[in-house]
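Coordinates in review
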Amino acid sequence: FHQQVGPADQREPDRVSGPGLGDAPVTDLDAAVEDAPEDPTAPGRVRGRALSRAGHPIPTVQMRLVPGAGTLVRAQGDDWLIEDVPPGSYQLEVWAEEFVAARSEVVVRPGRSTWHEVRLQRGVRPRGKIVDETDQRGVADALIEFSGTARTRSQIDGTFTAPYVIPRTALDQITVSHPSYDRY
């Protein structure tokens with residue numbers, strides 16, 4: 001099953017955002033693949049693609065509907081298809097390596113196909129080492145916070161890696177704290 005479903009008109013996409021999820025332009029247009037069935041419980045499908053902010057396809061995207069629903073039929077190239085989705089509202093979470101995750105609302109109508117296009121922004125996954133300035137040894141269990149978008153703790157040797165990709169602007173304010181040290 002591969003049918004190109006595009007916008008019915010040339011409206012500007014809605015914008016959605018969330019804490020730590022970036023500002024993702026989203027196009028959510030219903031396109032009837034067949035006439036709507038009379039059964040209001042008939043499953044629908046979600047089709048879409050992920051693009052960079054510059055409009056380039058992102059081939060290694062991953063996604064999920066929350067709450068969990070549907071069956072991922074295809075996620076190859078720059079598009080995906082999720083079938084057998086019960087009618088209702090869902091949060092579509094989309095992420096890819098080196099890109100900030102995005103979340104947006106998807107409304108699935110009975111027996112219809114919903115097209116959803118998401119634009120992701122490139123980000124960073126910071127890593128480093130927290131050291132004691134007097135003896136240069138690693139500081140274990142230090143709390144590292146990135147502008148309120150992510151936090152992590154240092155390992156026993158002082159090394160850390162952010163738990164996920166964050167916007168580059170989150171590097172504007174990095175806070176390190178530990179009960180045995182002053183707050184930096």
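The preceding data block contains the structure.
Residues numbered from 1 in each chain as written. Predicted model: local features only at pLDDT ≥ 70, side-chain atom pairs only at ≥ 80, totals over all residues. Heavy atoms only, no water.

1. A closer look at the overall build of the protein
In terms of helices and strands, the protein carries zero helices and 14 strands. Counted from the first residue to the last, the protein has its helices and strands arranged as β-β-β-β-β-β-β-β-β-β-β-β-β-β. By residue count, 41% of the 184 residues in the protein fall in the buried class. Counting every atom, the protein has about 10,700 Å² of accessible surface; 47% of that belongs to carbon and sulfur. (Helix = DSSP H or I, 4+ residues; strand = E, 2+ residues; numbered from the N terminus. Buried < 20%, exposed > 50% of the residue type's maximum accessible area, 1.4 Å probe, protein only. Areas by Shrake-Rupley, 256 points an atom, 1.4 Å probe, with all protein chains shown as cover.)

2. Here we look at the sheet that holds strand β4 (residues 62-66)
An order of β4-β7-β8 is seen for the three strands of this open sheet, with the pairing classed as antiparallel. Either end of the sheet is taken by a strand with one partner, and the two such strands are β4 and β8 (102-108). Averaged over neighbouring strand pairs, the angle between their axes works out to 30° when direction is ignored. (Pairing = 2+ DSSP bridges. Axes fitted to C-alpha atoms, helices over the stretch in contact; angles between N-to-C directions.)

3. Description of the packing of aromatic side chains
In this structure the tally under the stated criterion is one aromatic pair. Measuring from ring centre to ring centre gives 6.3 Å for Phe-146 and Phe-160, while their planes differ by 45°; the resulting arrangement is tilted. Here Phe-160 lies in strand β13 (residues 159-161) and Phe-146 lies in strand β11 (residues 143-146), a separation of 14 residues in the sequence. Using a relative accessible area of 1% as the deciding quantity, one classes Phe-146 as buried. (Phe/Tyr/Trp six-rings, centres within 6.5 Å; stacked < 30°, edge-to-face > 60°.)

4. Considering the nonpolar core
Val-46, Trp-80, Leu-92, Val-94 and Leu-120 are the most contacted members of the largest nonpolar core, which has 19 residues in total. Residues in contact with Val-46, not counting those within four places in the same chain, are Leu-65, Trp-80, Leu-81, Ile-82, Val-85, Val-106, Val-108 and Thr-114. Ile-144, Phe-160, Ala-170 and Val-176 belong to the second largest nonpolar core, which has twelve residues in total. (Core = buried A, V, L, I, M, F, W, Y, C linked by side-chain atoms within 4.5 Å. Contact = heavy atoms within 4.5 Å.)

5. Focus on the pairing of β11
Consecutive side chains along a regular strand alternate between the two faces of the sheet. Burial of β11 is two-sided: the residues Leu-143 and Glu-145 facing one way and the residues Ile-144 and Phe-146 facing the other way are all buried. Sheet topology places β11 next to strand β12 (residues 150-153); four bridges connect them, and they run antiparallel. Each residue of the ladder has a partner; that of Ile-144, found in β12, is Thr-152. Summarising the sheet, β11 and strand β14 (residues 174-177) pair through four bridges and their orientation is antiparallel. Considered in β14, the bridge of Leu-143 is made with Ser-177.

6. Here we look at the sheet that holds β14
Pairing is antiparallel in the open sheet, where three strands are placed in the order β12-β11-β14. Strands at the two margins of the open sheet, each flanked by one partner only, are β12 and β14. Ignoring strand direction, the axes of neighbouring strands in this sheet form an average angle of 15°.

7. What to know about the pattern of salt bridges
Scanning all chains against the criterion turns up seven salt bridges. The partner of Arg-64 in a salt bridge is Glu-93, with the nearest N and O atoms 2.5 Å apart. Taken together, the residues span a long stretch of sequence, with Arg-64 in strand β4 and Glu-93 in strand β7 (residues 88-95) at a distance of 29 residues. Note on Glu-93: relative accessible area 12%, which makes it buried. Among the ionic pairs, Asp-141 bridges to Arg-153, the shortest N-O distance being 3.8 Å. (Salt bridge = Lys/Arg side-chain N within 4 Å of Asp/Glu carboxyl O.)

8. Overview of unusual backbone geometry
In the segment running from Val-66 into Pro-67, the intervening peptide bond is cis, with an omega of 0°. Its location among the elements puts Pro-67 in the loop between β4 and β5 (71-76). The phi angle at Gln-136 is positive, at roughly 60°, despite the residue not being glycine. Take Gln-136: it is sitting in the loop between β10 (127-129) and β11. Phi at Ser-147 is positive, roughly 45°, even though this residue is not glycine.

Without other data, these values stay purely geometric and don't point to any function.
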